[in-house]
Amino acid sequence: MEKKIVILGGDGFCGWPTALHLSAKDYNVTIVDNLSRRLIDVELGASSLTPIKSTERRLEAWTRITGRQINFEKIDAAKDYEALKSLLNRVRPDTVIHFAEQRAAPYSMKSATHKTYTVDNNIGATHNLLSILSELELDTHVVHLGTMGVYGYDDAGLEIPEGYLPVQIKTETGEFISREVLYPTDPGSVYHMTKSMDQLLFQFYAKNDGIRVTDLHQGIVWGTQTEETRLSESLINRFDYDGDYGTVLNRFLMQAAVGHPLTVHGTGGQTRAFIHIQDTVRCIALAVENPPARGARVKILNQITECHRVRDLASIVSKVTGAKVAFVDNPRKEADENDLRVSNATFIDLGLKPTTLENGLLAETMDIAVKYALRHDPAMIPCVSTWTSTQRPGEVKERQAIA
Ligand code: NAD
Ligand code: USQ
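Chemist: Would you mind showing me how to read the sheet that holds strand 12 (residues 299-303) here?
Modeler: One key point about sheets: their strands pair by backbone hydrogen bonds, in either a parallel or an antiparallel sense. Strand order across the open sheet formed by seven strands is 3-2-1-4-5-8-12, with parallel pairing between neighbours. Of all the strands in the sheet, just strand 3 (71-73) and strand 12 have a single pairing partner and so form its edges. Averaged over all neighbouring strand pairs, the angle between strand axes comes to 20 degrees, with direction disregarded. Sheet topology places strand 4 (residues 95-98) next to strand 5 (residues 141-147); four bridges connect them, and they run parallel. The residue bridging His98 from the neighbouring strand is His144, located in strand 5.

This is the structure:
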């Protein structure tokens, strides 16, 4: 029988290509989204570099091109408990994929209002979903998009395991007992903190209600297009480049395309984990197909394919494009330099063949940035949200040292 999937946040950067990929794989897909991400663009005066169509026009295009239908419900998962409950009761999905959170760290640090919104929205959406599944007694598998940032970027000198850390605890009698605990969380922004809090909500509902949960600790996603979004310009995915939502590698590629120096924060010694959007959708399909057993602990998988230092990424982009590199003030509170090694053993065992920077898609992303470069607004490039009131924005100043 056709499997049913509800995708919370299915109009967003990761959710849209995931919805298309799963529809192409014959799942019956329903997108739930309150379109808050499009409204935040209006608030910031920003917009996707790529000309994304309205949700309705994207969905019409998908049906026209493939003959497949994706349903759409405009519901706020954090606020409209009854509407979400009624939908889940009607659809009774095999899987809910949960992307519906405010996902930009800089936006979450902008002001007290933005901090509150991020916490209320993210925790509200996650808790509503779990509470509804418990109330309806549905055996639905929840696949949640978490983040590598819950582990923190402290160089612990070990490969970061998938969610759980084996520990030995010395008792009062001097004996050692062994346990596996959730890896100690060390978030670096209010946004990342909400993902740490999500982990506890999942742990509780898995234990108390037997809800099956897979939490995907994803790295920074780069690229724009996937097999399905490439089919037509009407299906094109978002390309965020602004100082709040643009992520580092896509920003560097876009900056190179418009002749802006690459904005490396601080020394650029920050090492982060990355994944291409095509691999994001493949990993999510693998996670959907491999749920944990009912009553099992939360299954945590690291959804990443490679780690890079920010200044090395700038150097790669600079070599390919001739772009200048600018070391700007770091508007964030984060370690200047860190090492990072991450286990992604489960996805590799499940058959993921990583798309790395060397596989040619850097050129595709650059081509997209060049194609739509005229749509950019230079005023949106600097990272103006700071972590504390004493910090300065990450903008290129006159006479800035440029390498
Ligand atoms: P996005 O902002 O593009 O998409 C999120 C979508 O959720 C948007 O369409 C938004 O309108 C919707 N949404 C937000 N709150 C909602 C609510 N209360 N009710 C209904 N819809 C709501 O973000 P994205 O880049 O697609 O990220 C998706 C998920 O993946 C997020 O949870 C994010 O934390 C996680 N993630 C993203 C990245 C990345 O690099 N983009 C990396 C790691 C993890
Ligand atoms: N950075 C620069 N220059 C820029 C932009 C960013 O040097 O112009 C630096 C930042 O200071 C940071 C690093 O690049 O050290 C990564 O920043 P980012 O904006 O690319 O990524 P981040 O804020 O961590 O957030 C993104 C997504 C988030 C997801 C996270 C995965 O927005 O939703 O959870 O990546 S991870 O980083 O692995 O936690």
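Chemist: How do you make sense of the site of ligand 2 when you look at a structure like this?
Modeler: Within the structure, ligand 2 sits among 23 residues, and Thr147, Tyr153, Tyr191, Thr263 and Glu334 are positioned closest to it. Measuring from an oxygen atom of ligand 2, one finds a side-chain N or O atom of His192 at 3.2 Å. With respect to ligand 2, the side chain of Glu334 contributes an N or O atom lying 2.6 Å from an oxygen atom. Contact with the protein chains covers 96% of the free accessible surface of ligand 2, which is 740 Å². Only helix 7 (190-209), helix 8 (248-258) and strand 10 (262-265) provide two or more residues apiece to the shell around ligand 2.

Chemist: Help me understand the environment of Gln255 in this model?
Modeler: Along the polypeptide, Gln255 turns up in helix 8. Classification of Gln255 as buried rests on a relative accessible area of 1%. The sequence separation of Gln255 and Ala369 amounts to 114 residues, and the corresponding C-alpha distance is 8.6 Å. Side chain to side chain, Gln255 and Thr263 meet in a polar contact 2.9 Å long.

The rules we used
Residues numbered from 1 in each chain as written. Chains lettered and ligands numbered in written order. Predicted model: local features only at pLDDT ≥ 70, side-chain atom pairs only at ≥ 80, totals over all residues. Heavy atoms only, no water. Pairing = 2+ DSSP bridges. Helix = DSSP H or I, 4+ residues; strand = E, 2+ residues; numbered from the N terminus. Axes fitted to C-alpha atoms, helices over the stretch in contact; angles between N-to-C directions. Near = heavy atom within 4 Å. Polar contact = N/O pair within 3.5 Å; in protein donor to acceptor, adjacent residues only side chain to side chain. Areas by Shrake-Rupley, 256 points an atom, 1.4 Å probe, with all protein chains shown as cover. Buried < 20%, exposed > 50% of the residue type's maximum accessible area, 1.4 Å probe, protein only.

Everything listed here is a matter of geometry and, on its own, says nothing about what the molecule does.
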